[in-house]
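Summary of the model geometry
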Amino acid sequence: VATGSLPFGVAVNTVTNKAYVANYGSNTLTVINGATGATKTVSLAPYAEPSFIAVDESLTRVYVSMHKDGQLVVIDGTTDAVVAAAWVGTGAFGVAADPVLHRVYIGCRDNRLIRVFDGTTNTVRWGDTIYPGGEPFALATDPVIRRLYAVFAPEGEQPDRTLVYRLDPNGT
């Protein structure tokens, strides 16, 4: 399936049967219909360098980290339209969604932090920021056992470990 320039992150919504591809070089999101293979291109302008994608299936929302602008772009998974964007921190990169509490975690490499975003209100939870002590890269959540996993690079080094955070009932 053809996508945009420099495809990077990919995620799937099993409820809507759509796959999403972040096209780093063309500032677009390719939406692939899993049943037909048909594609749609969604512009993410004015934001640049879409990197990773997370899906909250119960909210039918798609979250795209925009590396260059430090934004988190929110896509309505039903219409595939951009519905919100929020500044989360420079070097926004890895992103993971908790589909139970509707929290989104964004690794901001350049700020060396993990930002927490509330998917129900489309707002940053500034007081819940996590400071791992280096650069967070890829992220994943396990909503069943309440864990956040972050591939991590200690200050000045290459990524060589994974941090594991226990999430409290509020998703922080």
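Residues numbered from 1 in each chain as written. Predicted model: local features only at pLDDT ≥ 70, side-chain atom pairs only at ≥ 80, totals over all residues. Heavy atoms only, no water.

**Focus on the overall build of the protein chain**
Rules: Runs of E in the DSSP output that reach at least two residues are strands. Runs of H or I that reach at least four are helices, and both are numbered from the N terminus. The globule rule is 2.2 Å times the number of residues to the power 0.38, and the radius of gyration it is compared with is taken over C-alpha atoms. The rule is simple: take the accessible area with a 1.4 Å probe, protein chains only, and divide by the maximum for that residue type; under 20% is buried, over 50% is exposed, in between is partly exposed. A contact between two residues is defined here by any heavy atoms of the two lying within 4.5 Å. To measure how exposed things are, a 1.4 Å probe is used in the Shrake-Rupley method; for residues, cover is taken only from the protein chains shown. Charged residues are defined here as Lys and Arg on the positive side and Asp and Glu on the negative side; His and the ends of the chain fall outside this count. The atoms used to mark charge sites are NZ of Lys, CZ of Arg, CG of Asp and CD of Glu.
A count of helices and strands for the protein chain gives zero helices and 15 strands. A compact globule built from 172 residues would reach a C-alpha radius of gyration of about 16 Å, and the protein chain, at 15 Å, matches this within 12%. The 172 residues of the protein chain split such that 50% are buried. Sequence-distant contacts, at least 24 apart, represent 35% of the contacts inside the protein chain between residues at least 6 apart. Roughly 7600 Å² of accessible area belongs to the protein chain as shown, and the carbon and sulfur atoms make up 54% of that amount. Between the centroid of the 13 positive side chains of the protein chain and the centroid of its 16 negative side chains there is a distance of 2 Å.

**Concerning the pattern of salt bridges**
Applicable threshold: The salt bridge definition used is simple: a Lys or Arg side-chain nitrogen within 4 Å of an Asp or Glu carboxyl oxygen.
For the coordinates displayed, the defined rule picks out ten salt bridges. When the shortest N-O distance is used, the salt bridge between Arg103 and Asp118 registers 3.4 Å. Within this pair, whereas Arg103 is found in strand E10 (residues 103-108), its partner Asp118 is found in strand E11 (residues 113-118), the two being separated by 15 residues in sequence. Residue classification places Arg103 among the buried positions, given a relative accessible area of 10%. The closest approach of N and O atoms between Glu135 and Arg109, which form a salt bridge, is 3.9 Å. With a gap of 26 residues between them, Glu135 in strand E13 (residues 134-142) and Arg109 in the loop between E10 and E11 connect regions that are remote in the sequence. The same class applies to Glu135 as to Arg109, namely buried. Here the residues in one salt-bridge network are Arg109, Arg112, Glu135 and Glu155, joined through shared partners.

**Focus on the sheet that holds strand E3 (residues 28-33)**
As a reminder, the rule being used: The criterion for strand pairing is that DSSP finds at least two bridges linking the strands in question. Axis definition: a line fit to C-alpha positions, over the contact stretch in the case of helices; interaxial angles, taken between N-to-C directions, run 0 to 180 degrees.
Pairing in this open sheet of four strands is antiparallel, and the strands run E1-E2-E3-E4 from one edge to the other. The two strands at the open ends of the sheet, each matched to only one other strand, are strand E1 (7-13) and strand E4 (39-43). Looking at each pair of strands side by side, their axes are set apart by 20 degrees on average, direction ignored. Across five bridges, the pairing between E1 and strand E2 (residues 18-23) is antiparallel. Bridge pairing in E2 places Asn13 opposite Lys18.

**Regarding the packing of aromatic side chains**
Inclusion rule: The pairing test for Phe, Tyr and Trp rings, Trp by its six-membered ring, is centres within 6.5 Å, and the orientation test on the planes gives stacked under 30 degrees, edge-to-face over 60, and tilted for anything in between. Criterion for a charge above a ring: Arg CZ or Lys NZ at most 6 Å from the ring centre, at most 35 degrees from the ring normal.
In this structure the tally under the stated criterion is seven aromatic pairs. Ring geometry for Phe8 versus Phe52: centroids 5.3 Å apart, planes at 75 degrees, classification edge-to-face. Of the two residues, Phe8 sits in strand E1 while Phe52 sits in strand E5 (residues 50-56), which places them 44 residues apart along the sequence. Its relative accessible area of 42% is what places Phe8 among the partly exposed residues. A relative accessible area of 24% means that Phe52 is categorised as partly exposed. Taking 6.3 Å as the distance between ring centres and 25 degrees as the angle between the ring planes, the aromatic pair formed by Trp87 and Trp126 counts as stacked. Here Trp126 lies in the loop between strand E12 (123-124) and E13 and Trp87 lies in strand E8 (residues 81-87), a separation of 39 residues in the sequence. The exposure class assigned to Trp126 is partly exposed, which follows from its relative accessible area of 48%. In this structure, Arg109 is placed above the aromatic ring of Phe93, and the distance from its NZ or CZ to the ring centre is 4.6 Å.

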